[in-house]
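Fold and contact review
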2 protein chains.
Amino acid sequence: MSAFDALMGFTRETMALAQVAGRLGWDQETVMPRGAADQRAEEMAAMEAVLHARRVDPRVGEWLAAVDEAALDDVGRAQMRHIRRSYARNQKVPADLATALARLTSRAQGQWAEARAADDFAAFAPVLAEIVRLKREEASALAAGGDLYDALLDDYEPEAKAADLQAMFDALRPRLVALRAAALDKPAPKGVTGTFDEAAQMALSRKLALAFGYDLNLGRVDKAVHPFSSGSGLDVRITTRTNPADPFNCFYSTIHEVGHACYEQNIDRAYLLTPLGQGVSMGVHESQSRIYENQLGRSRAFTGWLYGQMRDAFGDFGIADEDAFYAAVNRLQNGFIRTEADEVQYNLHVMLRFDLERALIAGDLAVSDLESAWNERFAADFGFAVDRASNGCLQDVHWSVGLFGYFPTYSLGNVYAGCLNEALRKAVPDLDAQLAQGQTGAATGWLRENLQRHGGLMTPREVITQACGAAPSEAPLLAYLEDKFGALYGI
Amino acid sequence: MSAFDALMGFTRETMALAQVAGRLGWDQETVMPRGAADQRAEEMAAMEAVLHARRVDPRVGEWLAAVDEAALDDVGRAQMRHIRRSYARNQKVPADLATALARLTSRAQGQWAEARAADDFAAFAPVLAEIVRLKREEASALAAGGDLYDALLDDYEPEAKAADLQAMFDALRPRLVALRAAALDKPAPKGVTGTFDEAAQMALSRKLALAFGYDLNLGRVDKAVHPFSSGSGLDVRITTRTNPADPFNCFYSTIHEVGHACYEQNIDRAYLLTPLGQGVSMGVHESQSRIYENQLGRSRAFTGWLYGQMRDAFGDFGIADEDAFYAAVNRLQNGFIRTEADEVQYNLHVMLRFDLERALIAGDLAVSDLESAWNERFAADFGFAVDRASNGCLQDVHWSVGLFGYFPTYSLGNVYAGCLNEALRKAVPDLDAQLAQGQTGAATGWLRENLQRHGGLMTPREVITQACGAAPSEAPLLAYLEDKFGALYGI
């Protein structure tokens, strides 16, 4: 057996084990008996130990050194790039630092939840300070003299640079602040009223999942507290949630997760259980969930179809016609919480976190000053004051589990979605006529063909660039948002 | 860290991984998307490879050699006995033989299913002959000069001997053949009629599970094609099935699996994720499922309570009173299939298989003669002829996956259940009065206290002996069956 075949065989087995570990997470959030948590923690830790040992297995280093890359085709070289990158990353971080971080963050998640419940940032600050200290150490090990934050960002968005993101975000932020303020200055559109049967919400959810091309023969839809998509290849499952008063929460959570899931389902089957066989980055993943959810799912055309579906399922819910429904689906509201934010305000939440976490990692902001920095920035962008820590700097789990460099990929995903939407609309001129019939096939087919099927073959930036015919830019997203909400709000 | 602590830490991690692998099986039978089968096979194989590597890891041998057993308490010595036993077993079987068996049996299961569907034993015979050949090789490696069949039996019922089982079965068989013939000579009791709503069956199933002490906070009940119990410790799940025409299938499958599951749930929590933390053998496991299902669940007293429950759930189903219901629950019918057999006939099915598989492993019966040997024996015990292979020697999956030595543990479980029932009835004189109220607490509490909590602390024979105050014997089972069915059928 060649070194390449041996390396790929070993890697394939590792990826199969990673799927098993991931499915334990799905199980935990959907079907696990409540009392099983302690045993489950040991099971998860045992799986992580197995996976970690394989990721730093010295045989991988030997195989990597022995492979004749010149003899490989493009796909083989792309596989090598992923394996080399992941192995080098894990070699750089000292084992005791990795262990310390794993221990600390596993404990910190509970401490964060307690502090959030008590609205007490001071109780969590010492833990967070220790996490920041260790993440800075990890970043130093990874950066080898380069930018610390870039080294962390690279885990979620390979080869992205914070300075490039900053340039995009600097262009977005003032225009979104202005758009937000102008829209909220106008009369608020009417929302839905009444109670929406939860079983009927789930039934329409499945219909929406199918409408967006999700393959239920290779997946399933369940309920969970927080919607998510889980798995790669032939077993990609999504969850959603229902709220009797707010059917949009269910439907747009479903469409969002279907975007993630279809990306995984539509990757070339030849890449199954290899490094190429999963979404290439968090940003590109989010671009798929967001374009499904927003540019397609919240479009005037598609909401027209959805209005009919909802009338059939729920009767009268206080919205007179398709135009009023479109306004209701897309209405802006003041709020503290990122995950509940609309298309316009969402990125403001993300940029706030991006700037603060960059300052933390750079050493320019002390954790003890984080809450006041957060509140000051929030007031500047949103025009009102944070009332308590659970509505402010304690609202997200990310930092407590050591995720620094993750937040900006949400907005990068929106930027990518803007670029893809522009290219898609050029490629499919009658898209709206199809969406108005609940037909997404032309759109999802274009995304599958131009982006999804490639999996990890190219870098994130490359795959967006070749799909769009131009390098990523924030301009299409900005134009889309200003056009859409300008029209909706008469700005 | 002492060698013992290191060994236990490693073993605990292995057991956690085994729980994960087991739960993949649960997932596959209950919630897995249909199209995921190919990927799942790779995931299972990867988990098996990890588990196998740990089971033969040379560090285990070093730790085993280094532990000072004299310094351990009883529990520690019992842990050592299990670990030593399992390690020695895996050391004895050459790696290439283990691999060959795994490959062959993984393929053979599909070939068996095809042959069964075609009622064509000749199509499967060559595959089975190869399995028998490799199992004989495996048995030779394990037996080290001892009895081949005993070496295989030991995998499922540690320290049991085929000769001892044979003596019990020889005492049982003629009396059961006679009891069966006498009962079937009498007019058949009336069965239930009508259609039984499947959701209502599942609701009553959950009620029955709770009535028998199953902890739903540490488990769950789902539907599957074949009912099973899965997992140990804090996450023990059962499945059942529904048939609109036959509610007893659902209810008694549930009670049977609850017996297995409660055994696992009731083991001393101090043994969690250790070799002591699971049922000690197949026979003892089956004794729990069978005593829950039969001696308790099919008793006159408990069926009286169940009759009321079923009347409440389903109204009139053609059975006039509790006595008629008791007769309907326990009625004997001619049939070919082991898994559908009643208490009297079940063991005859098992003994047939035991005698045939002993002869196969001894080399006294050629696979080419198996079908005729089966049919001849069936006619002798059951009084009518097998009509086709799927009703005869192709009905069970066991041999196709290499399970030789497993069948007799079913009847051994019934023998143990007979012994335990005798002791239980002495210990709890008013048991029937409690069962008549749907109260199983005294019975299941006695079983938990005297047997279940010990897990793997003693050998199978030891745990039955100390619970019953006497060595296992077929006499109590025989007396129970002859009394019960003698009275029911007026024999």
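As named in an unreviewed UniProt entry, chain A is Metal-dependent carboxypeptidase, taken from Thalassobius vesicularis. Its UniProt record gives chain A the following Function (unreviewed entry) comment, quoted word for word: "Broad specificity carboxypetidase that releases amino acids sequentially from the C-terminus, including neutral, aromatic, polar and basic residues." Comment text from UniProt for chain A, heading Catalytic activity (unreviewed entry), reads "Release of a C-terminal amino acid with broad specificity, except for -Pro."

A look at the overall build of chain A
Each helix and strand in chain A was counted, giving 20 helices and three strands. Relative to the globule expectation of 23 Å for 491 residues, the C-alpha radius of gyration of chain A, 23 Å, shows essentially globular dimensions. Expressed along its principal axes, the backbone C-alpha trace of chain A runs to roughly 65 × 50 × 50 Å. Within chain A, the proportion of its 491 residues that are buried is 57%. Sequence separation of 24 or more characterises 72% of the internal contacts of chain A that already satisfy a separation of 6 or more. Of the roughly 19100 Å² of accessible surface on chain A, 50% is carried by carbon and sulfur atoms. Once the 48 positive and 66 negative side-chain charges of chain A are each reduced to a mean point, those two points are 2 Å apart.

A few points about the packing of helix H2 (residues 37-55) of chain A against helix H1 (residues 3-30) of chain B
The N-to-C vectors of H2 of chain A and H1 of chain B enclose an angle of 100 degrees; their axes lie 8 Å apart at closest approach. Classified by the angle their axes make, H2 of chain A and H1 of chain B are roughly perpendicular. Taking contact as the criterion, the partners of Gln 39, Arg 40, Glu 42, Glu 43, Ala 46, Met 47, Ala 49 and Val 50 of chain A in H2 of chain A are, on H1 of chain B, Arg 12, Glu 13, Ala 16, Leu 17, Gln 19, Val 20 and Arg 23 of chain B. Residue composition of the contact of H2 of chain A with H1 of chain B, grouped by class: seven nonpolar, two polar and six charged.

Observations concerning the UniProt feature "active site" (unreviewed entry) in chain A
All names here are of chain A. UniProt feature "active site" (unreviewed entry): in the numbering of this structure it lies at Glu 257. Checked against the element boundaries, Glu 257 lands in helix H10 (residues 247-265). In this structure Glu 257 comes out as buried when scored by relative accessible area, which is 8%. Of note is the side chain of Glu 257, whose polar atom sits 3.1 Å from the backbone nitrogen of Ser 229.

Examining the interface of chain B and chain A
Taken together, the contact pairs 37 residues of chain B with 37 residues of chain A. For the chain B and chain A pair, buried surface summed over both sides reaches about 2900 Å², with 58% attributable to carbon and sulfur atoms. Together, Pro 33, Gln 39 and Glu 42 of chain B form the three largest contributors to the area buried by chain B at its contact with chain A, with a combined 19%. Our count for the contact surface shared by chain B and chain A stands at eight salt bridges. Taking the shortest distance from any N to any O, the salt bridge between Glu 43 of chain A and Arg 23 of chain B comes out at 2.7 Å. Put simply, chain B and chain A have 17 residue pairs in polar contact (both at pLDDT 80 or more) between them. At ten residues, the largest contribution of residues to the side of chain B that touches chain A is made by H1 of chain B. A breakdown of the residues in the side of chain B that touches chain A according to their chemical character gives 18 nonpolar, seven polar and twelve charged.

Concerning the relation of the copies chain B and chain A
When chain B is fitted onto chain A, the two copies agree to an RMSD of 0.0 Å after a turn of 180 degrees and an axial shift of 0.0 Å. Expressed as a symmetry operation, the mapping of one chain copy onto the other fits a two-fold axis. A shared interface surface links the copies, since 100% of the contact residues of chain B are contact residues in chain A too.

A closer look at the UniProt feature "binding site: Zn(2+)" (unreviewed entry) in chain A
All names here are of chain A. Here, UniProt's "binding site: Zn(2+)" (unreviewed entry) annotation points to His 256, His 260 and Glu 286. In three dimensions, the annotated residues from a span of 31 residues occupy one location, with a maximal C-alpha spread of 8.7 Å. In this fold, His 256 is placed in helix H10. By relative accessible area, which is 10% here, His 256 ends up buried. Contacts of His 256, omitting those with residues within four sequence positions, involve Glu 286, Ser 289, Arg 290 and Glu 293. With respect to the helices and strands, the residue Glu 286 is situated in helix H11 (residues 282-296). Among the residues examined, Glu 286 registers a relative accessible area of 6% and is labelled buried. Beyond its immediate sequence surroundings of up to four residues, Glu 286 is in contact with His 256, His 260, Thr 409, Tyr 410 and Gly 413. Reaching out from Glu 286, the side chain makes a polar contact with the side chain of His 260 at a distance of 3.4 Å.

Observations regarding the packing of aromatic side chains
Tallied over the entire structure, the rule returns 50 aromatic pairs over all chains. By the ring-pair criterion, three or more aromatic residues cluster together here, those being Tyr 156, Tyr 346, Trp 374, Trp 399, Phe 404, Tyr 406, Phe 407 and Tyr 410 of chain A. Directly above the ring of Tyr 346 of chain A sits Arg 290 of chain A, whose terminal nitrogen or CZ lies 4.2 Å from the centroid. Above the ring of Phe 407 of chain B, the side-chain terminus of Arg 353 of chain B is found at 5.6 Å from the ring centroid.

Let's talk about the pairing of strand E3 (residues 237-240) of chain A
All names here are of chain A. Every second residue of E3 is oriented toward a common face, with Arg 237 and Thr 239 on one face and Ile 238 and Thr 240 on the other, all of them buried. Pairing of strand E1 (residues 221-223) with E3 involves three bridges; the strand directions are parallel. Counterpart to Val 221 in the pairing with E3 is Ile 238. In the sheet, strand E2 (residues 229-230) pairs with E3 via two bridges, with the strands oriented antiparallel.

Description of the sheet that holds strand E3 (residues 237-240) of chain B
Within a sheet, each strand pairs with its neighbour through backbone hydrogen bonds, oriented either parallel or antiparallel. Residues and elements named next belong to chain B. Read across the sheet, three strands follow the order E1-E3-E2 without closing on themselves; strand pairing throughout is mixed. If you trace the sheet from one side to the other, it starts and ends with strand E1 (221-223) and strand E2 (229-230), each paired once. Strand contacts of helix H10 (residues 247-265): E2 and E3, with the helix running at about 165 degrees to E3, the strand carrying the most contacts.

Overview of the sheet that holds E3 of chain A
Residue and element names in this part refer to chain A. The strand order E1-E3-E2 describes an open sheet built from three strands, whose pairing is mixed. Edge strands, defined here as strands with exactly one partner in the open sheet, are E1 and E2. The sheet strands contacting H10 are E2 and E3, and the helix crosses E3 at an angle near 160 degrees.

Looking at the domain arrangement of chain A
Residues and elements named next belong to chain A. Taken domain by domain, chain A holds domain 1 (3-148) and domain 2 (149-491). Computed from C-alpha atoms alone, the centre-to-centre distance between domain 1 and domain 2 is 25 Å. At the interface, 43 residues of domain 1 touch 49 residues of domain 2. Both faces combined, the contact of domain 1 with domain 2 buries some 4000 Å², and carbon together with sulfur accounts for 63% of it. Where domain 1 touches domain 2, the interface holds four salt bridges. Taken together, the connections running from domain 1 to domain 2 amount to 22 residue pairs in polar contact (both at pLDDT 80 or more). Of all elements in the fold, only helix H1 (3-30), helix H4 (74-92), helix H5 (95-117) and helix H6 (121-143) reach the threshold of two or more residues within the side of domain 1 that touches domain 2. Here the element with the most residues in the side of domain 1 that touches domain 2 is H6; it accounts for 13 residues.

Thoughts on the nonpolar core
Grouped together as the largest cluster of nonpolar side chains are 131 residues, with contacts concentrated most on Phe 121, Leu 128, Met 310, Phe 317, Phe 325, Phe 404 and Leu 420 of chain A. If we ignore the near neighbours within four places in the chain, the residues touching Leu 128 of chain A are Phe 121, Val 367, Leu 370, Trp 399 and Phe 404 of chain A. Counting 130 residues, the second-largest nonpolar core is a separate cluster that includes Leu 134, Leu 176, Ile 291 and Leu 352 of chain B.

Rules and cut-offs
- Residues numbered from 1 in each chain as written.
- Chains lettered and ligands numbered in written order.
- Predicted model: local features only at pLDDT ≥ 70, side-chain atom pairs only at ≥ 80, totals over all residues.
- Heavy atoms only, no water.
- UniProt positions renumbered as here; feature names shortened; annotations may be inferred.
- Helix = DSSP H or I, 4+ residues; strand = E, 2+ residues; numbered from the N terminus.
- Rg over C-alpha atoms; globule rule 2.2 N^0.38 Å.
- Buried < 20%, exposed > 50% of the residue type's maximum accessible area, 1.4 Å probe, protein only.
- Contact = heavy atoms within 4.5 Å.
- Areas by Shrake-Rupley, 256 points an atom, 1.4 Å probe, with all protein chains shown as cover.
- Lys, Arg positive; Asp, Glu negative; His and termini not counted.
- Charge placed at Lys NZ, Arg CZ, Asp CG, Glu CD.
- Axes fitted to C-alpha atoms, helices over the stretch in contact; angles between N-to-C directions.
- Parallel < 35°, antiparallel > 145°, perpendicular 65-115°, else oblique.
- Nonpolar A, V, L, I, M, F, W, Y, C, P; charged D, E, K, R; others polar.
- Polar contact = N/O pair within 3.5 Å; in protein donor to acceptor, adjacent residues only side chain to side chain.
- Buried area = accessible area lost by both parts, 1.4 Å probe.
- Salt bridge = Lys/Arg side-chain N within 4 Å of Asp/Glu carboxyl O.
- Least-squares fit on C-alpha atoms with pLDDT ≥ 70 in both.
- Phe/Tyr/Trp six-rings, centres within 6.5 Å; stacked < 30°, edge-to-face > 60°.
- Lys NZ or Arg CZ within 6 Å of the ring centre and 35° of its normal.
- Pairing = 2+ DSSP bridges.
- Domains from an automatic or database assignment.
- Core = buried A, V, L, I, M, F, W, Y, C linked by side-chain atoms within 4.5 Å.

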